[in-house]
Amino acid sequence: LAMQGLALKPTEASAMGVLGDAYIGLGQYDDAQQQFETMLQREPGLPALSRLANLAYLRGEHANAISYWQQAVAQSAGLPLENQAWVHVQLGVTYFMYGDYTKAEAEDTKALSILPTYVHGLAALGQVRAAQGRLDESLDLYTQAVARLPQPQYVAALGDVYAAAGRNQDADDQYALVDAIDALFRANGISTV
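As the structure is a prediction and not an experimental result, all values here were calculated from the model.

Enquirer: How would you sum up the overall build of the protein? Please name residues and give values.
Expert: Check the secondary structure of the protein and you find 10 helices and 2 strands. Projected onto the principal axes, the alpha-carbon positions of the protein cover approximately 55 × 40 × 30 Å. Considering the protein as a whole, with its 193 residues, one finds that 35% of them fall into the buried category. The long-range fraction of contacts in the protein, counting pairs at least 24 apart against all pairs at least 6 apart in sequence, stands at 39%. Across the protein, the mean location of the 11 positive side-chain charges is 5 Å away from that of the 21 negative side-chain charges.

Below you can see the structure in the form of structure tokens.
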């Protein structure tokens, strides 16, 4: 296929990533695995490793998901600071999902040592602090994240922490903000369902 002088090159690593992503969307995990492994062989690095990590997580392969993210962290050295912080957050989120809050905290802290105001790092550490019952710290972290980038999931999480802290009016305010963001998305043709 060609479009304005550009041709689809299915043997390039980036095309394999897109095809693997499509296979995941179709629930064809074995085909996705094959694409991502070939992609990794052709271009070892963050794009292939992050896809393999996410696929392992979807398959419930705890050790593989962690291993791929750890390899991605190692591969991220020398990349732009945001990429490095992102990989630490992804590994931290994976640890969090598996219930290892100590390791999640360590990765989120590493991300914030790389980029102290990294929104996703602030929110990830806020999630850990909430799970640890350290609600005031969680509120501070989520408030910083939302002030920088009011993504609905972070605004809703801030509302949840307010609710857990017994601050119901503050929680309701955050939930109302999520509704307002949703209304703006819908008004601009973006489906949030």
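Enquirer: Which residues make up the packing of helix H5 (residues 81-97) against helix H7 (residues 119-131), and what values do they have?
Expert: One way to put it is that H5 packs onto H7 with a least axis distance of 10 Å and a crossing angle of 20 degrees. Compared by their axis directions, H5 and H7 come out roughly parallel. Our pair here, H5 against H7, has a crossing hand that is left-handed. Seen from H5, the contacting residues are Val 89, Val 93 and Phe 96; seen from H7, they are His 120, Gly 121, Ala 124, Gln 127, Val 128 and Ala 131. A per-class count over the contact of H5 with H7 returns 6 nonpolar, 3 polar and no charged.

Enquirer: I'd like a rundown of the confidence of the model for the protein, residues and numbers included.
Expert: When pLDDT is averaged along the protein, the result is 93; 94% of the residues meet or exceed 70. For residues 1-6, every residue scores under 50 in pLDDT, and the model assigns this stretch 4 contacts once sequence neighbours within four places are set aside.

Enquirer: Tell me about the packing of helix H1 (residues 13-25) against helix H2 (residues 29-42), and please be specific about residues and values.
Expert: Relative to each other, H1 and H2 sit at 165 degrees, their axes nearing to 8 Å. Considered as vectors, H1 and H2 are oriented roughly antiparallel to each other. When the axes of H1 and H2 are compared, the crossing they make is left-handed. The residues of H2 that touch H1, namely those facing Ala 13, Met 16, Gly 17, Leu 19, Gly 20, Asp 21, Tyr 23 and Ile 24, are Tyr 29, Asp 31, Ala 32, Gln 35, Phe 36, Thr 38, Met 39 and Arg 42.

Enquirer: An account of the pattern of salt bridges is requested, with residue identities and associated values reported.
Expert: Applying the stated criterion to the full structure yields 8 salt bridges. Glu 137 is the salt-bridge partner of Arg 129, the closest N and O atoms lying 3.0 Å from each other. Judged by relative accessible area, Arg 129 falls into the buried class, the value being 8%. Arg 186 serves as the salt-bridge partner of Asp 182, at 2.9 Å between the closest nitrogen and oxygen. In this pair, Asp 182 and Arg 186 are both assigned in helix H10 (residues 168-187), 4 residues apart and thus about one turn of the helix distant. Take Asp 182: its relative accessible area is 22%, and that puts it in the partly exposed class. Salt bridges sharing common partners tie together Glu 105, Arg 129, Arg 134 and Glu 137.

Enquirer: Would you mind going over the side chain of Arg 129 in detail, with residue names and values included?
Expert: Mapped onto the secondary structure, Arg 129 falls in helix H7. With near-sequence residues (within four places) excluded, Arg 129 lies in contact with Glu 105, Arg 134, Leu 135, Glu 137, Ser 138 and Leu 141.

Enquirer: Can you tell me about H1, naming the residues and giving the values?
Expert: Structural remark: α-helix, 3.6 residues per turn; residues separated by three or four positions point the same way. Over its 13 residues, H1 runs 19 Å from end to end, which matches the ideal 18 Å to within 8%, given 1.5 Å per residue. Buried within H1 are the following residues: Ala 13, Ala 15, Met 16, Gly 17 and Gly 20. Two residues or fewer past H1, Gly 27 is found with a positive phi of approximately 80 degrees.

Enquirer: How would you explain helix H4 (residues 62-75) if you had to name every residue and give the values?
Expert: When the terminal C-alpha atoms of H4 are compared, their 20 Å separation across 14 residues agrees well with the 20 Å that a helix rising 1.5 Å per residue should span. Three or more residues of H4 are buried, namely Ala 65, Ile 66, Tyr 68, Trp 69, Ala 72 and Val 73. Taken down its axis, H4 places every buried residue within 165 degrees of arc, on the same side. Looking at H4, the residues exposed on the side facing more than 90 degrees away from the buried face are Ala 63 and Ala 74. The elements touched by buried residues of H4 are H2, helix H3 (46-58) and H5.

Rules behind the numbers
- Residues numbered from 1 in each chain as written.
- Predicted model: local features only at pLDDT ≥ 70, side-chain atom pairs only at ≥ 80, totals over all residues.
- Heavy atoms only, no water.
- Helix = DSSP H or I, 4+ residues; strand = E, 2+ residues; numbered from the N terminus.
- Buried < 20%, exposed > 50% of the residue type's maximum accessible area, 1.4 Å probe, protein only.
- Contact = heavy atoms within 4.5 Å.
- Lys, Arg positive; Asp, Glu negative; His and termini not counted.
- Charge placed at Lys NZ, Arg CZ, Asp CG, Glu CD.
- Axes fitted to C-alpha atoms, helices over the stretch in contact; angles between N-to-C directions.
- Parallel < 35°, antiparallel > 145°, perpendicular 65-115°, else oblique.
- Left-handed = near helix turned anticlockwise from the far one by under 90°.
- Nonpolar A, V, L, I, M, F, W, Y, C, P; charged D, E, K, R; others polar.
- pLDDT = per-residue confidence, 0-100.
- Salt bridge = Lys/Arg side-chain N within 4 Å of Asp/Glu carboxyl O.
- Expected span 1.5 Å × (residues − 1).
- Arc of directions from axis to C-beta.

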